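Okay, here's what each chain looks like letter by letter:
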Amino acid sequence: MDYAILIFDGVCNFCNSFVNFIIDGDPKKKIRFVASQSESGIKYINQYKISKTEIKESIIFIEEEKYTTKSTAFFHILKHLRFPWFLLYGFILTPHFIRDAIYDFIGRKRYKWFGKRNTCRMPTKELKDRFLY
């Protein structure tokens, strides 16, 4: 694959905002997106044998045929974005348990703070090539 894949919670407003942030910061269009609830999302989940717990609690980032979750996925995504965002990749050196504790805290509060949609996001015509179906 010449692109990476982000599997995200398609009904989470925070996750959808993060997808928009990535689209704006990824001029090379290196990252493609798929909602975890979609047929394609389920296909990738099964293909990579990703557990239901990982899907429920994390974004999944597939790059070079390997997947990462939680804060590791977050920082691997940032390294593909334009300046200054890619500089934050350096925080991957922070101990895993600290990064994931912060990630988990935000993850537990995301629906309360940002809300939830009734349906998954549908991309506009301009963005259709960035989403996998």
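Residues numbered from 1 in each chain as written. Predicted model: local features only at pLDDT ≥ 70, side-chain atom pairs only at ≥ 80, totals over all residues. Heavy atoms only, no water.

J.: Explain the overall build of the protein chain to me, please; I cannot follow it from the model alone.
T.: Within the protein chain one finds 5 helices and 4 strands. Along the protein chain, from the amino end to the carboxyl end, the secondary structure elements read β-α-β-α-α-β-β-α-α. The C-alpha radius of gyration of the protein chain comes to 14 Å, within 12% of the 14 Å expected for a compact globule of 133 residues. Along the first, second and third principal axes, the C-alpha set of the protein chain runs to 40 × 30 × 30 Å. Looking at the 133 residues of the protein chain, the share that counts as buried comes to 44%. Nonlocal contacts in the protein chain, meaning residues at least 24 apart in sequence, comprise 64% of its contacts between residues at least 6 apart. Total accessible area on the protein chain stands at roughly 8200 Å², and carbon and sulfur atoms take up 60% of it. (Helix = DSSP H or I, 4+ residues; strand = E, 2+ residues; numbered from the N terminus. Rg over C-alpha atoms; globule rule 2.2 N^0.38 Å. Buried < 20%, exposed > 50% of the residue type's maximum accessible area, 1.4 Å probe, protein only. Contact = heavy atoms within 4.5 Å. Areas by Shrake-Rupley, 256 points an atom, 1.4 Å probe, with all protein chains shown as cover.)

J.: Is there a simple way to think about the pattern of salt bridges in this case?
T.: A side chain of one charge can pair with a side chain of the opposite charge when the charged atoms of the two come close. One pass over the structure, following the stated rule, counts 5 salt bridges. Between Arg130 and Asp26 there is a salt bridge whose closest N-O contact spans 2.8 Å. Of the two residues, Arg130 is situated in the segment after α5 (96–114) and Asp26 in the loop between α1 (13–25) and β2 (31–35); the sequence distance between them amounts to 104 residues. Shared partners join several salt bridges into a network, and the residues in it are Glu57, Lys70 and Asp104. (Salt bridge = Lys/Arg side-chain N within 4 Å of Asp/Glu carboxyl O.)

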